[in-house]
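Okay, here's what each chain looks like letter by letter:
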Amino acid sequence: MSADPQKETGDIHHELHSHLPPEPALRVKAMESLLVEKGMLDPATVDAWVEAYSEKIGPKCGAAIVARAWIDPDFKARLLENGTEAVKEMETAGWAVAHLRVIENTDDVHNLVVCTLCSCYPHAILGPPPNWYKMAAYRSRAVREPRVVLEEFGVTLPDDIDLRIWDSTSELRYLVLPQRPAGTEGWDEERLASIVTRNSMIGTHRDLDPSAGSA
Amino acid sequence: MDGIHDLGGRQGFGKVDVGEKEEAFHSDWEARAFAIVRAMSKPSNWTLDKFRFTREQIDPVNYLSRPYYDQWIQSYAALMVGSGVASVEELASGKSSGAAVDLGTPRGPESVAAEKDHAAAQFERPYDAPFKFEKGTTVRTLPHAHKGHTRLPSYVRGHEGQVIEVRGAFIFPDESAEGVERAEPLYTVAFDAGDLWPGEDLDHAVHIDLWESYLEPV
């Protein structure tokens, strides 16, 4: 590295920006072709990752974890104690997250997850994050005016609630455990999982709706 | 680095797009870009922090306006150029003008299923020295950062907070971005939003994971 690596990388970015095709799709296509030619990429592996994240890995993996925690108090205790280890018990939990922390919503506590510096997110459990999670509006405002942000998501919190924002600055990945709503007594795990939304596991949704559940 | 990426607490970005359709990818190229990054061979010194630092150095206009996965591709392209793996011309044309890069056989599709059986990358490391702080300790963050990569966001710098969890010793990102692997104690620190932004009538807490060398005793 030269004495001023920041300048060097910045210069490379500028050069790339003026030479690469402006359309993202064309940039990606050129990158894929080049990596294959360079012996750095097997296109069949790209297909396999697309399939995994389009069909298998996604919010339903997180929903299964939440439903299990609602039904099994011992699992819930293990999940809150050490999320990484507890999730290994799940068949459908998705890929591993090495440092998973599960944070619980209660009547008195609401949790909201953000990554102000980039876009850290438990991909392997929730799938790729929504665009809004990666954009400046959410990243800038979630830590400073979370109640206003939550109102935009249709969530109005009680005035006296303990509101905790988790800024994912390290390799710990945070997953919110939402509250089980009333009216779901006696439901099995699968039915419970069907009412757990992606946003409820980020914290931008709070009151889950039993009528959204599959019978 | 005091870059545009350090967005916590900044103002003027408008409302969150809450109407976004809920789907894994919004276009084929997004899915392709995401999967290429998972599947491609990478030299061992392309750490996650080096990648993050590379993305942070995209110029601010592009950082705020180019699509997210386009920025991933842009950042890997910059890493390839910076490491001598490819030229700008090759990345523009998609055609290799030099020899293949020897990083071993690229991972096959079976590696996708196999990943389920392995823990994802581990960032915790053994650590023999004593931890400086414990749960309940009041700490103060450094008032400024440095020009390299850091995970100490500007909005908490120079503020007092309380250690609420001791997480263990984790790879220190500021040095990992420069290719040096060294572990340091990591703490989750709680700040009162009312201290971070006085006069705004805020009652929430912000919890952030911070490495030991970002913190001073009070």
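Positions within a chain are numbered from 1, following the residues in the order the chain's sequence is written. Whichever chain is written first becomes A and whichever ligand is written first becomes 1, with later ones labelled in order. Given that the model is predicted, a residue must reach a pLDDT of at least 70 before its local features are reported, and side-chain atom pairs must reach 80 or more before they are shown or counted; all residues, however, enter totals for whole chains, interfaces and linings.

Right, let's talk about the nonpolar core for a bit. Buried together is how nonpolar side chains tend to be arranged in soluble globular proteins. Grouped together as the largest cluster of nonpolar side chains are 107 residues, with contacts concentrated most on Met31(A), Trp49(A), Val66(A), Ile36(B), Ala77(B) and Leu91(B). Here contacts are defined at the residue level, using C-beta atoms placed from the backbone and a cut-off of 7 Å between them. What Ala77(B) contacts, discounting residues up to four positions off in sequence, is Leu16(A), Met31(A) and Leu91(B). One nonpolar core equals one set of buried Ala, Val, Leu, Ile, Met, Phe, Trp, Tyr and Cys residues connected by C-beta atoms within 7 Å. In this scheme the burial state of a residue depends on its C-beta neighbours within 10 Å: 20 or more other such atoms mean buried, 12 or fewer mean exposed, and anything in between means partly exposed; the C-beta positions come from the backbone.

Right, let's get into unusual backbone geometry. Unusually for a residue other than glycine, Asp201(B) sits at a positive phi of about 55°. Asp201(B) gets classed as exposed once you count the C-beta atoms within 10 Å, which come to 8.

With that out of the way, let us pick up the domain arrangement of chain A. Where interface size is quoted, it is often the accessible area lost as the parts come together. Segmentation of chain A into domains returns domain 1 (5–41) and domain 2 (58–212). Each domain's extent is set by a domain assignment, obtained either automatically or from a database. For domain 1 of chain A versus domain 2 of chain A, the distance between C-alpha centres works out to 35 Å.

With that out of the way, let us pick up the interface of chain A and chain B. Across the boundary between the two partners, chain A contributes 76 residues, which contact 87 residues of chain B. Put simply, the parts of the chain that give the side of chain A that touches chain B at least two residues each are α1 (5–19), α2 (24–37), α3 (43–56), α8 (131–134), α9 (136–141), α10 (146–152) and β3 (162–167) of chain A. A run of H or I in DSSP becomes a helix once it reaches four residues, and a run of E becomes a strand once it reaches two; helices and strands are each numbered from the N terminus. Looking at the side of chain A that touches chain B, the element that brings in the most residues is α2(A), giving 12 residues. A breakdown of the residues in the side of chain A that touches chain B according to their chemical character gives 40 nonpolar, 19 polar and 17 charged. Taken together, the 4 bridges between β3(A) and strand β4 (residues 205–211) of chain B define a ladder with parallel strand orientation. Bridge pairing links Arg164(A) to Ala205(B) in β4(B). Note that Gly is not counted as nonpolar here; it falls among the polar residues with everything else outside the nonpolar set of Ala, Val, Leu, Ile, Met, Phe, Trp, Tyr, Cys and Pro and the charged set of Asp, Glu, Lys and Arg. When DSSP finds two or more bridges between a pair of strands, those strands are recorded as paired.

To continue, consider the sheet that holds β4(B). Taken in spatial order, the 7 strands line up as β2(A)-β3(A)-β4(B)-β3(B)-β2(B)-β1(B)-β5(B) in an open sheet, and their pairing is mixed. At either margin of the open sheet sits one strand with a lone partner, and together these are β2 (109–114) of chain A together with β5 (215–217) of chain B. Taken pair by pair, the neighbouring strands of this sheet meet at an average axis angle of 35°, ignoring direction. In this sheet, strand β2 (residues 160–171) of chain B lies alongside strand β1 (residues 138–141) of chain B in antiparallel orientation, the contact comprising 3 bridges. Looking at the pairing, Thr138(B) lines up with Gln162(B) of β2(B). Structural elements are reduced to axes, namely lines fitted to C-alpha atoms, with helices fitted over the stretch in contact, and the angle between N-to-C directions of any two is expressed from 0 to 180 degrees.

Here the focus is the packing of helix α1 (residues 28–39) of chain B against helix α4 (residues 68–82) of chain B. Residue and element names in this part refer to chain B. α4 packs onto α1 with a crossing angle of 40° between their chain directions and a minimal axis gap of 9 Å. Classified by the interaxial angle, the pair formed by α1 and α4 is oblique. Helix-helix and strand crossings are classified by hand; for α1 and α4 the assignment is left-handed. For the pair α1 and α4, the contacting residues are Glu 30, Ala 33, Phe 34 and Val 37 in the first and Tyr 69, Trp 72, Ile 73 and Tyr 76 in the second. Taken together, the residues of the contact of α1 with α4 sort by class into 7 nonpolar, no polar and 1 charged. Roughly parallel refers to an angle under 35 degrees, roughly antiparallel to one over 145, roughly perpendicular to one between 65 and 115, and oblique to any angle outside these ranges. Two helices cross in a left-handed way if the nearer one is turned anticlockwise from the farther one by less than a right angle. They cross in a right-handed way if the turn is clockwise.

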